[in-house]
Amino acid sequence: MSLRSGSADEQPVGEPLPDWRVPPLPAGLLLEGRYSRLEPLVAECHAASLYAAYAVDTAGRNWTYLPYGPFADIDTFQSWMATRCGDRDPLFYAVIERASGRALGMASYLRIAPESGSIELGHIHFSPLLQRTPTATEALYLLIKHAFELGYRRCEWKCDALNAPSRAAAQRLGLAFEGIFRQATVVKGRSRDTAWYATIDREWPALDAAFARWLDPANFDAGGEQRVALSSLTRAALAAEAGLCPPAWTI
């Protein structure tokens, strides 16, 4: 915060941004990591694999908090994808598991506001085959990392306030809880309160290092179990960034 000078009663204003440049819109580039690959979503290429992966969720619980789905058959799903998932905002990605080459989930950028440097992650739908895996975590990391590399100042995550797994995921990733927007919208005929989370550019270097530590193969034992939880790494990173304590990273 700074003070506006030259007036009888100086007023607090935001810090100046002399080097601020409006970032470009995401161009839908291929994003690749050690475990995952993110490709711009194309119905003809990804619908069949995604539909099969989502079908593992036989109760359809993963669709509950999304504004669409579940879909009765592959044709309906592919038609929806072809008509709704080809825009620049939302900009959808298919999450590919590198080991199998299969599309096992999707995610998007949305509410992209270059003029304010803000971008959101949403439409995150990971199949049971992808959930709670390094591939899933890395996919989200790649999206956040790419947003900050483009020059965005703020990366948001919003979800139904009743969606406990999504809220836990946001906190695990190191995103700060910013509050509840009450009766923010209506989804599938139901009132929805929306929980807001976000991280900002000055926090990102610390979080980036925490993700790198967690995704390192040395952090996983022979059975694939993590040695150190991501949540502990992101908490320590943010505490260190705030000057509260040094990061306690041991693997």
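Use the structure listed above.
If you're wondering where the values come from, they're calculated on a predicted model, not measured in any experiment.

1. Structural notes on the overall build of the protein chain
No. 1: Looking only at helices and strands, the protein chain features six helices and 10 strands.
No. 2: For 251 residues, the compact-globule formula gives about 18 Å, and the C-alpha radius of gyration of the protein chain, at 20 Å, lands near that figure.
No. 3: Oriented by its inertia axes, the alpha-carbon framework of the protein chain measures out at about 70 × 45 × 35 Å.
No. 4: Counting contacts in the protein chain only where the partners sit at least 6 residues apart, residues at least 24 apart contribute 61% of the total.
No. 5: As presented, the protein chain carries roughly 13,200 Å² of accessible surface, and 52% of it is formed by carbon and sulfur atoms.
No. 6: Side-chain charges in the protein chain split into 25 positive and 28 negative, and the spacing between the mean points of these groups amounts to 4 Å.

2. Remarks on the nonpolar core
No. 1: Counting residues in each nonpolar core, the largest one holds 46 residues, and the members touching the most others are Leu38, Tyr109, Leu143 and Trp157.
No. 2: Put simply, the parts of the chain that give this core at least two residues each are β5 (91-97), β6 (102-113), β7 (118-126), α3 (134-150), β8 (154-160), β10 (190-200), α5 (204-215) and α6 (230-241).
No. 3: Ranked by the residues each element gives to this core, the list is headed by α3, at nine residues.
No. 4: Ala47, Leu50, Leu66 and Ile96 belong to the second largest nonpolar core, which has 18 residues in total.

3. Some words on the pairing of strand β4 (residues 36-40)
No. 1: In terms of residue burial, β4 counts as a mostly covered element, since four of its five residues are buried.
No. 2: Two elements, strand β3 (residues 31-32) and β4, share two bridges in a ladder whose sense is antiparallel. Among the inter-strand pairings, Leu31 is bridged to a residue of β4, identified as Leu38.
No. 3: In this structure, the hairpin formed by β3 and β4 is closed by a connection of three residues.

4. What about the pairing of strand β9 (residues 176-187)?
No. 1: Looking at chain direction, β9 and β10 are connected through eight bridges and run antiparallel. Bridge pairing in β10 links Ile180 to Ala195.
No. 2: The hairpin turn running from β9 into β10, its antiparallel successor, is two residues long, and Lys188 in that turn takes a positive phi close to 55°.

5. A few points about the environment of Gly28
No. 1: One can find Gly28 in the loop between β2 (12-13) and β3.
No. 2: On a C-alpha basis, the gap between Gly28 and Tyr93 in space is 8.0 Å, while along the polypeptide they are 65 residues apart.
No. 3: Look past the residues within four positions of Gly28 in its chain and what remains in contact with it is Pro40, Leu91 and Tyr93.

6. What about the sheet that holds β7?
No. 1: Overall, mixed pairing links the eight strands, which are arranged β3-β4-β5-β6-β7-β8-β10-β9 in an open sheet. Taken across any chain shown, the strands that pair with only one partner, and hence form the sheet edges, are β3 and β9.

7. Description of the packing of aromatic side chains
No. 1: All chains considered together, the criterion is met by 19 aromatic pairs.
No. 2: For the ring pair Tyr93 and Tyr109, a centre distance of 6.1 Å and an interplane angle of 85° mean the geometry is edge-to-face. Linking Tyr93 in strand β5 with Tyr109 in strand β6, this pair joins segments that are 16 residues apart in sequence.
No. 3: What makes Tyr93 buried here is its relative accessible area of 0%.
No. 4: Residue classification places Tyr109 among the buried residues on the basis of a relative accessible area of 0%.
No. 5: For Arg153, the ring lying beneath its charged end belongs to Trp20, and the centroid distance is 5.7 Å.
No. 6: The aromatic ring of Trp214 is capped on one face by Arg172, whose charged end is 5.0 Å from the ring centroid.

8. Some remarks on the pattern of salt bridges
Opposite charge on two side chains lets them pair, provided their charged atoms get close.
No. 1: As enumerated under the stated definition, the model contains 10 salt bridges in all.
No. 2: Ionic pairing is found between Arg154 and Glu156, a salt bridge with its closest N-O pair at 2.7 Å. This pair shows no difference in class: Arg154 is buried, exactly as Glu156 is.

9. Topic: the environment of Arg153
No. 1: Its place among the elements puts Arg153 in the loop between α3 and β8.
No. 2: With relative accessibility at 32%, the residue Arg153 sits in the partly exposed group.
No. 3: Note: C-alpha distance between Arg153 and Gly28 (125 residues apart in sequence) is 19 Å.
No. 4: Setting aside residues up to four positions removed in sequence, Arg153 forms contacts with Leu17, Trp20, Ser116, Gly117, Phe148, Thr199, Ile200 and Asp201.

10. Quick notes on unusual backbone geometry
No. 1: A cis geometry characterises the amide bond from Gly69 onward to Pro70, with omega recorded as 0°.
No. 2: Its place among the elements puts Pro70 in the loop between α1 (43-54) and α2 (74-84).
No. 3: Look at the link from Asp89 to Pro90: it is a cis peptide, with omega at 5°.
No. 4: Within the secondary structure layout, Pro90 lies in the loop between α2 and β5.
No. 5: Of note in this structure, Arg111 is not a glycine but carries a positive phi near 45°.

Definitions and cut-offs
- Residues numbered from 1 in each chain as written.
- Predicted model: local features only at pLDDT ≥ 70, side-chain atom pairs only at ≥ 80, totals over all residues.
- Heavy atoms only, no water.
- Helix = DSSP H or I, 4+ residues; strand = E, 2+ residues; numbered from the N terminus.
- Rg over C-alpha atoms; globule rule 2.2 N^0.38 Å.
- Contact = heavy atoms within 4.5 Å.
- Areas by Shrake-Rupley, 256 points an atom, 1.4 Å probe, with all protein chains shown as cover.
- Lys, Arg positive; Asp, Glu negative; His and termini not counted.
- Charge placed at Lys NZ, Arg CZ, Asp CG, Glu CD.
- Core = buried A, V, L, I, M, F, W, Y, C linked by side-chain atoms within 4.5 Å.
- Buried < 20%, exposed > 50% of the residue type's maximum accessible area, 1.4 Å probe, protein only.
- Pairing = 2+ DSSP bridges.
- Phe/Tyr/Trp six-rings, centres within 6.5 Å; stacked < 30°, edge-to-face > 60°.
- Lys NZ or Arg CZ within 6 Å of the ring centre and 35° of its normal.
- Salt bridge = Lys/Arg side-chain N within 4 Å of Asp/Glu carboxyl O.

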